[in-house]
Amino acid sequence: MLFCGIDVAKYQHAVVLLDDEGQVRQPAVGIENTRQGFDKLCSLLQSQPEALQVGLEATGHYWLALYEELTRLGYPVVVLNPLQIAAYRKSGVRKIKSDRSDAWWVADFLRVARLPATSPQMPLMLQLRELTRFRLVEQIGDCKRKILSILDRVFPKYETLFSSVFLKSSRELLKTAVSAHDFAAFDLAELSRILHDASRGRFGQPEAESIQTLARRSVGVGFLVDAARMEMRCLLDQIDLLQEQVAQIDTSVAELMAQIPQYLTSIPGVGSVTAAAILAEIGDVQRFDSPEKLVAYAGIDATVYQTGQFEASESHMSKRGSPYLRHALWQAASMTVLYDPQLKAYYQAKRQEGKHHNTVIGAVCRKLLVRIYVILKEQRPYLIRDC
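Residues numbered from 1 in each chain as written. Predicted model: local features only at pLDDT ≥ 70, side-chain atom pairs only at ≥ 80, totals over all residues. Heavy atoms only, no water.

## Description of the overall build of the protein chain
In step 1: Broken down by element type, the protein chain carries 16 helices and seven strands.
In step 2: The dimensions of the protein chain, computed from C-alpha atoms along their principal axes, are 85 × 55 × 45 Å.
In step 3: Put simply, the protein chain shows about 20,800 Å² of open surface, and 52% of that area lies on carbon and sulfur atoms.
In step 4: In the protein chain, the 46 positive side-chain charges and the 43 negative ones have mean positions that sit 4 Å from each other. (Helix = DSSP H or I, 4+ residues; strand = E, 2+ residues; numbered from the N terminus. Areas by Shrake-Rupley, 256 points an atom, 1.4 Å probe, with all protein chains shown as cover. Lys, Arg positive; Asp, Glu negative; His and termini not counted. Charge placed at Lys NZ, Arg CZ, Asp CG, Glu CD.)

## Looking at the sheet that holds strand β1 (residues 2-7)
In step 1: Taken in spatial order, the five strands line up as β3-β2-β1-β4-β5 in an open sheet, and their pairing is mixed. Two strands in the sheet have a free side with no partner beyond their single neighbour: β3 (24-32) and β5 (77-80). Within the sheet, the average angular offset between the axes of one strand and its neighbour, ignoring direction, is 20 degrees.
In step 2: Bridge count between β1 and strand β2 (residues 12-18): five bridges; the pairing is antiparallel. Across the sheet, Asp-7 pairs through a bridge with Ala-14, a residue of β2.
In step 3: Against the sheet, helix α2 (residues 64-72) makes contact with β1, β2, β4 (52-57) and β5, and its axis sits at roughly 160 degrees relative to β5, the strand it touches most. (Pairing = 2+ DSSP bridges. Axes fitted to C-alpha atoms, helices over the stretch in contact; angles between N-to-C directions. Contact = heavy atoms within 4.5 Å.)

## Overview of unusual backbone geometry
In step 1: Not every positive phi belongs to a glycine, and Leu-136 is a case in point at roughly 70 degrees.
In step 2: Within the secondary structure, Leu-136 is located in the loop between α5 (122-133) and α6 (137-154).
In step 3: Backbone geometry at Gln-379 places phi at a positive 50 degrees, although glycine is not the residue there.
In step 4: Taking relative accessible area as the criterion, Gln-379 reaches 35% and is therefore assigned partly exposed. (Buried < 20%, exposed > 50% of the residue type's maximum accessible area, 1.4 Å probe, protein only.)

## Some details on the nonpolar core
In step 1: Phe-183, Ile-282 and Ile-372 are the most contacted members of the largest nonpolar core, which totals 77 residues.
In step 2: Per element, the largest residue contribution to this core is eleven residues, and it comes from helix α11 (residues 225-257).
In step 3: Residues within four places of Ile-372 in sequence aside, it is in contact with Leu-264, Ile-267, Ile-278, Ile-282 and Leu-329.
In step 4: In terms of nonpolar packing, the next biggest core, distinct from the first, is built from 24 residues, Cys-4, Leu-17, Phe-38 and Leu-52 among them. (Core = buried A, V, L, I, M, F, W, Y, C linked by side-chain atoms within 4.5 Å.)

## Concerning the environment of Ala-275
In step 1: Inspection of the secondary structure assignment puts Ala-275 in helix α12 (residues 272-282).
In step 2: The class of Ala-275 is buried, set by a relative accessible area of 0%.
In step 3: Look past the residues within four positions of Ala-275 in its chain and what remains in contact with it is Met-257, Leu-264, Thr-265 and Val-270.

## Structural notes on α6
In step 1: With 18 residues, α6 extends 26 Å from end C-alpha to end C-alpha; this agrees with the ideal 26 Å at 1.5 Å per step.
In step 2: Residues of α6 that are buried include every one of Ile-140, Cys-143, Ile-147, Ile-150, Leu-151 and Val-154, and no others. Buried positions in α6, seen along its axis, are confined to an arc of 95 degrees and lie on one side of it. Exposed residues on α6 whose side chains face more than 90 degrees from its buried face are Glu-138, Arg-145 and Asp-152.
In step 3: Its buried side turned inward, α6 meets α7 (168-174), α8 (180-185) and α11. (Expected span 1.5 Å × (residues − 1). Arc of directions from axis to C-beta.)

## Description of the packing of α11 against α12
In step 1: Across the interface, α11 lies against α12 with an axial gap of 10 Å and an inter-helix angle of 65 degrees. Along this stretch, α11 crosses α12, giving a crossing that reads as left-handed. Contact with α11, carried on its side by Asp-250, Val-253 and Met-257, involves Ser-272, Val-273, Ala-275, Ala-276 and Leu-279 of α12 and no other residues of that element.
In step 2: A breakdown of the residues in the contact of α11 with α12 according to their chemical character gives six nonpolar, one polar and one charged. (Left-handed = near helix turned anticlockwise from the far one by under 90°. Nonpolar A, V, L, I, M, F, W, Y, C, P; charged D, E, K, R; others polar.)

Distances and angles like these do not, on their own, reveal function.
As structure tokens, then:
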């Protein structure tokens, strides 16, 4: 059995071949990240008489084309976390860091660890990851923050009128008026009609009168009103467009999720988009041989500081792993404490002990991730346990 280690880079990859004894079968050679370079790598691998396994680091996005090419050719490929190789390199005596030495460390780690090939579902997982990371929610949040900033300057009291400034009825109003002066001078009948139509009859003239009363008592920066109207219209149009695009992305995510056997949506409170983000960031769960390693990968393991007789009394999340996975877990945990009886009871008990909300949600994230690990490993639905 031969082990091919590839150190991935933007322009040129380094390739090394080791045998079962760790002896170099093929010294480090450079492979350009081009079609010709891929053909050179293919010729090198095909010239070997023994079976081989390929390992490469998930460095940025530069490994994706190489992974696609190697799997198309039928080679078993193991995608490795760069942190794994960095930790393994530290076990060596010689402190050498170069592309060619990194390729050797990848091949040797592959030889020692004897890892299974990465799941053939990796392409689907990568598509999920691309879509869930691209979902544009942050851009919508930026637009909303800018709208609140505009209102704070031209109609500071507007935020008190609705449970959310971004309700449909509120947004329809802001398309026609922005400042306190605009609303105070607005025709009451027309204001009532806009509210009635946008809210499907829930609001009407009483609410319109309340808006005008508050507008007459409010103050704002008058000379900014013209600019505020233009900014408001552009931002509201951006939100409409972004929300339409998010809906399209969610449809694509749902179609991909239908092709992957998974039971994450059986967890109470975990929707398809959140489940897709968690699944995409974890990838092939078989590369984690214990839930503790998955917890560490997510960066929700506790840091430990101890020296001599001193040991810190408080610990914090390491936050060393995937920020996308942590964010998705936080969203999932925030919902499961509402819908899962056992996690809800755990959350309430910790809050009664005086723990801060964020501290308890962090603990729920860890519990939830361990359960997700079991679900993915055993490929079975979530079991709801009553307290």
